[in-house]
Amino acid sequence: MSTILFWIDRALGALHALGHAVDLAIRLYVANVFFSSGLVKIRSWEGTLYLFENEYRVPLLPPEAAAWLGTFGELAFPPLLALGLASRFAALSLSVVNIVAVVSFWHVLSANQPALMSHFYWGLLLLVTLCHGPGKLSLDHWLWRRLFAPSLSSAR
């Protein structure tokens, strides 16, 4: 019986370690999706402005402000997410960008199930980082250990 428990414990340990790699893979995948979209926007700023003026229906914002904010969000937060630095903040910020994209382009996305499902998929992946954190393969984890572990051990 102890041999079985030993191998179960080993398997669980391996799965736990694999979980950190999965966290990293999720962060890198989602960061790439949003960052690539931001790069497309800055490569053709005139085209981006055209889309925000004529296609995207961003509520409450003038088209040019929406273009600037959307592009900023797609370029600023993905590197943070990829590095695992301020990961939950970056995931929350990209979730807002994702929701605004769906709301703004609903008139097209509602008729295009695969595109709409992509946004839901990205939202779920961002939710993993929001709820679970970035994992051990992140700057957040490294910084937390360096900044707060010494004070926690001295408080005992």
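This text goes with the structure placed above it.
In this text, all values refer to a predicted model and were calculated from it rather than measured experimentally.

Calculation criteria
Residues numbered from 1 in each chain as written. Predicted model: local features only at pLDDT ≥ 70, side-chain atom pairs only at ≥ 80, totals over all residues. Heavy atoms only, no water. Helix = DSSP H or I, 4+ residues; strand = E, 2+ residues; numbered from the N terminus. Buried < 20%, exposed > 50% of the residue type's maximum accessible area, 1.4 Å probe, protein only. Contact = heavy atoms within 4.5 Å. Axes fitted to C-alpha atoms, helices over the stretch in contact; angles between N-to-C directions. Parallel < 35°, antiparallel > 145°, perpendicular 65-115°, else oblique. Left-handed = near helix turned anticlockwise from the far one by under 90°. Nonpolar A, V, L, I, M, F, W, Y, C, P; charged D, E, K, R; others polar. Phe/Tyr/Trp six-rings, centres within 6.5 Å; stacked < 30°, edge-to-face > 60°.

Q: Can you walk me through the side chain of glutamate 74 in this structure?
A: Along the chain, the position of glutamate 74 falls in helix α3 (residues 63–83). The exposure class assigned to glutamate 74 is buried, which follows from its relative accessible area of 8%. Among all residues touching glutamate 74, those that are not within four sequence positions of it are Phe34, Phe35, Ser37, Gly38, Lys41 and Val97.

Q: What should I look at first to understand the packing of helix α4 (residues 87–104) against helix α6 (residues 113–132) in this one?
A: What describes two packed helices is the angle between their axes and the distance between those same axes. Look at α4 against α6: their axes get within 9 Å of each other, and the N-to-C directions meet at 160°. Compared by their axis directions, α4 and α6 come out roughly antiparallel. Viewed along their axes, α4 and α6 form a crossing whose handedness is left-handed. Here Ser87, Arg88, Ala91, Leu92, Leu94, Ser95, Asn98, Ala101 and Val102 of α4 lie close against α6, whose contacting residues are Leu116, His119, Trp122, Gly123, Leu126, Thr129, Leu130, Cys131 and His132. Partitioning the contact of α4 with α6 into residue classes produces 10 nonpolar, 7 polar and 1 charged.

Q: Sorry if this is basic, but what is going on with unusual backbone geometry here?
A: Leaving glycine out, the prevailing phi sign among residues is negative, and the prevailing peptide bond configuration is trans. The residue leucine 60 is not glycine, and still its phi comes out positive at about 70°. Accessibility expressed as a relative area gives 88% for leucine 60, which makes it exposed. In this model, alanine 86 sits at a positive phi of 55°, which is unusual for a non-glycine residue. Tracing the chain through its elements places alanine 86 in the loop between α3 and α4. A residue is classified by how much of its surface remains accessible, and alanine 86, at 33% relative accessible area, is partly exposed.

Q: It is not clear to me how the packing of aromatic side chains should be interpreted in this structure. Could you clarify?
A: Where two aromatic rings form a pair, the distance of their centres and the angle of their planes describe that pair. The full count for this structure, using the stated rule, is 9 aromatic pairs. A centroid spacing of 6.0 Å and a plane angle of 65° characterise the contact between phenylalanine 34 and tryptophan 122, whose relative ring orientation is edge-to-face. With phenylalanine 34 in helix α1 (residues 2–43) and tryptophan 122 in helix α6, this pair connects stretches of sequence that are 88 residues apart. Tryptophan 122 carries the same exposure label as phenylalanine 34, and that label is buried. Geometrically, the ring pair formed by phenylalanine 52 and tyrosine 56 is edge-to-face, given 4.8 Å between the ring centres and 85° between the ring planes. For tyrosine 56, a relative accessible area of 22% gives the class partly exposed. Among the aromatic residues, those joined into a ring-pair cluster are Phe52, Tyr56 and Phe105.

Distances and angles like these do not, on their own, reveal function.
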